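# Descriptive analysis of the structure
So you can see what is in the structure, the chains are spelled out below.
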Amino acid sequence: MHLEGQCNCEGVHYHYDGEPDVVGFCHCKACQRQAGGSGSIFVCVDDDDLKIVGDTIKMYITRADSGLDVNRFFCGRCGSPIVSRCVGFPGKAFIKAGTLNDTSMLKPTVEVWCEEAQPWMPQISGVERFERGPG
């Protein structure tokens, strides 16, 4: 599968060739804040195969409930979230699916941090759900 995307101002571009490990929806408060909504759709991929280009990329570190860091990369000019790298998942990158040029092929197979989901947010039919993170 070929995935490519960019930030809102086109200052950051990325591409990935390969099969994603998982497509999911995260309901955690940090993803709600970052997305400005009910959560974030992510695509988990092998970090070594993700190529990011652009001189406006910035990083902000948050702390997960596990106590481990989450490195959140975004465009420093327009603010678009691009990818997260979690210390608890070495070698993996979590692409923010809203920045993909084509999302038509994505279907979440998992929901995480459901205990923090907005009460009005319906469950995604047919997906595995975790009250917290997987594992």
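Look up: the structure comes first, before these words.
Let us look at the structure shown here.

### Digging into the overall build of the protein chain
Per the secondary structure count, the protein chain includes one helix and 11 strands. Taken from the N to the C terminus, the helices and strands of the protein chain come in the order β-β-β-α-β-β-β-β-β-β-β-β. The C-alpha atoms of the protein chain give a radius of gyration of 14 Å, which matches the 14 Å a tight globule of 135 residues would have. Split into buried and exposed, the 135 residues of the protein chain put 39% on the buried side. Long-range pairs, those at least 24 residues apart, make up 50% of the contacts in the protein chain with a sequence separation of at least 6. Total accessible area computed for the protein chain in this model is approximately 7,400 Å², and 51% of it derives from carbon and sulfur atoms. Each charge class in the protein chain was averaged separately, 13 positive and 18 negative side chains, and the resulting centres sit 7 Å apart.

### Details of the sheet that holds strand E7 (residues 69-75)
Strand order in this open sheet of eight strands is E6-E7-E8-E9-E4-E3-E10-E11, and the pairing throughout is mixed. Taken across any chain shown, the strands that pair with only one partner, and hence form the sheet edges, are strand E6 (57-63) and strand E11 (128-129). As paired elements, strand E3 (residues 22-26) and strand E4 (residues 40-46) share five bridges and run antiparallel to each other. Considered in E4, the bridge of Cys26 is made with Ser40.

### Describing the pairing of E6
The side chains of a regular strand alternate, residue by residue, between the two faces of the sheet. The pairing of E6 with E7 spans seven bridges and is antiparallel. Residue pairing across strands places Ile57 opposite Cys75, the latter belonging to E7. Linkage of E6 to E7, two consecutive antiparallel strands, is achieved through a turn of five residues, within which Gly67 is found at a positive phi near 95°.

### Some words on the packing of aromatic side chains
Throughout the structure, instances matching the rule amount to two aromatic pairs. Ring plane angle 70° and centroid distance 5.6 Å describe the contact between Phe42 and Phe94, whose orientation is recorded as edge-to-face. One end of the pair, Phe42, is in strand E4; the other, Phe94, is in strand E9 (residues 92-96), and 52 residues separate them in sequence. Judged by its relative accessible area of 12%, Phe94 is buried. Summarising the aromatic geometry, the rings of Phe89 and Phe94 are spaced 5.7 Å apart at their centres and angled 75° between planes, so their arrangement reads as edge-to-face. According to the relative accessible area criterion, Phe89 is partly exposed, its value standing at 38%. One residue, Arg85, lies across the ring of Phe73, its end atom 4.7 Å from the ring centre.

How each quantity is defined
Residues numbered from 1 in each chain as written. Predicted model: local features only at pLDDT ≥ 70, side-chain atom pairs only at ≥ 80, totals over all residues. Heavy atoms only, no water. Helix = DSSP H or I, 4+ residues; strand = E, 2+ residues; numbered from the N terminus. Rg over C-alpha atoms; globule rule 2.2 N^0.38 Å. Buried < 20%, exposed > 50% of the residue type's maximum accessible area, 1.4 Å probe, protein only. Contact = heavy atoms within 4.5 Å. Areas by Shrake-Rupley, 256 points an atom, 1.4 Å probe, with all protein chains shown as cover. Lys, Arg positive; Asp, Glu negative; His and termini not counted. Charge placed at Lys NZ, Arg CZ, Asp CG, Glu CD. Pairing = 2+ DSSP bridges. Phe/Tyr/Trp six-rings, centres within 6.5 Å; stacked < 30°, edge-to-face > 60°. Lys NZ or Arg CZ within 6 Å of the ring centre and 35° of its normal.

In short, geometric facts, not functional conclusions.
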